[in-house]
Amino acid sequence: MTKVLVVDDDFMVAKLHSRYVSALAGFEVAGVAHSGAEALRAAEAVRPDLVLLDVYLPDMDGIDVLRELRAAEERDPARAPVDALFITAARDAEIVRAALRAGALHYLIKPFNQAALQEQLRHVASVRARLDTLSEARQEDVDQIFGARPPGSRELPKGLAAHTADLVERTLRAHPEGLSATECAQEAGSLSRVSARRYLEFFADTGRARVTLKYGGTGRPERRYTWTA
């Protein structure tokens, strides 16, 4: 199991992210913290494999938390290094650069849905597993580790809601034979055809769904969507 420490000053957001982590096989929430000081104490106590870090914390920013964790690793060579994934509303390019320099694996910009976070978690697990099997890396190993980064949060466009995106995703995943927008709306139970199509087209545009055309006798062909991610 990959032990995860969730750090966010908002109690409800931390609870939501914890639920996303716990829903993914191979991951468990080892602790939750709502400030930088709490995060450092929790990291010392539970020794997580991965920290989900917000930048904006009440006492110190998340980048300083990560720097403190790296300093602790340098002071204690026997201490297992921790990976870090930033989950934050901070969009300033200098903050993103600072997170990268501090050693973050990736950076997710809020808001995002469950699938986006779990995609990043799977990437972390893949990288850790790959490195655990290597005693000496070849260039192709390095290229695979550094080159196979997931595409990021695939941030929802304005007007789309994360909980509805999750509903449409679950509905589409449950029908590997594919669905039309009308069928998706009916299966979801609480969407109009127009609303379902907006989310289905978003998934198609971001590469998570494939669109095929079903031709009938007359009129325009029906667009059918199949989950591919």
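Residues numbered from 1 in each chain as written. Predicted model: local features only at pLDDT ≥ 70, side-chain atom pairs only at ≥ 80, totals over all residues. Heavy atoms only, no water.

Draft legend 1. Seen up close, the packing of aromatic side chains. Following the criterion strictly, the structure yields three aromatic pairs and no others. Summarising the aromatic geometry, the rings of phenylalanine 202 and phenylalanine 203 are spaced 5.7 Å apart at their centres and angled 45° between planes, so their arrangement reads as tilted. Each member of the pair phenylalanine 202 and phenylalanine 203 is classed as buried. The rings of Phe202, Phe203 and Trp227 are connected pair by pair, giving a single aromatic cluster. (Phe/Tyr/Trp six-rings, centres within 6.5 Å; stacked < 30°, edge-to-face > 60°. Buried < 20%, exposed > 50% of the residue type's maximum accessible area, 1.4 Å probe, protein only.)

Draft legend 2. Main features of the pairing of strand 5 (residues 106–109). Where strand 4 (residues 83–88) lies against strand 5, four bridges are found, and the strand directions are parallel. Paired with threonine 88 across the strands is isoleucine 109, a residue of strand 5. Each parallel crossover has a hand, and the one from strand 4 via helix 4 (residues 93–102) to strand 5 is right-handed. (Pairing = 2+ DSSP bridges. Helix = DSSP H or I, 4+ residues; strand = E, 2+ residues; numbered from the N terminus. Right-handed = clockwise from strand over helix to strand, strands pointing away.)

Draft legend 3. Representation of the sheet that holds strand 4 in the model. An order of 2-1-3-4-5 is seen for the five strands of this open sheet, with the pairing classed as parallel. Edge positions in the sheet fall to strand 2 (27–33) and strand 5, since each of these pairs with one other strand and no more. Ignoring strand direction, the axes of neighbouring strands in this sheet form an average angle of 20°. As paired strands, strand 3 (residues 50–53) and strand 4 are joined by four bridges and run parallel to one another. (Axes fitted to C-alpha atoms, helices over the stretch in contact; angles between N-to-C directions.)

Draft legend 4. Just the sheet that holds strand 8 (residues 222–227), in detail. Taking strand neighbours across the sheet as the criterion, the three strands line up as 6-8-7 in an open arrangement whose pairing is antiparallel. The open sheet has two edge strands with one neighbour each: strand 6 (179–180) and strand 7 (209–214). Inspection of the sheet shows strand 7 paired to strand 8 by six bridges, in the antiparallel sense. Its bridge partner being in strand 8, arginine 210 is matched across the sheet by threonine 226. In this fold helix 7 (residues 162–173) packs onto strand 6, strand 7 and strand 8, with an angle of close to 90° to the strand it touches most, strand 8. (Contact = heavy atoms within 4.5 Å.)

Draft legend 5. Looking closely at helix 9 (residues 193–205). Along its 13 residues, helix 9 runs 18 Å from first to last C-alpha, staying within 8% of the 18 Å computed at 1.5 Å per residue. The complete set of buried residues in helix 9 reads Ala196, Tyr199, Leu200, Glu201, Phe202, Phe203 and Ala204. On its buried face, helix 9 sits against helix 7, strand 6, helix 8 (181–188), strand 7 and strand 8. Where helix 9 ends, the next residue or the one after it, glycine 207, has phi of about 85°, a positive value. (Expected span 1.5 Å × (residues − 1).)

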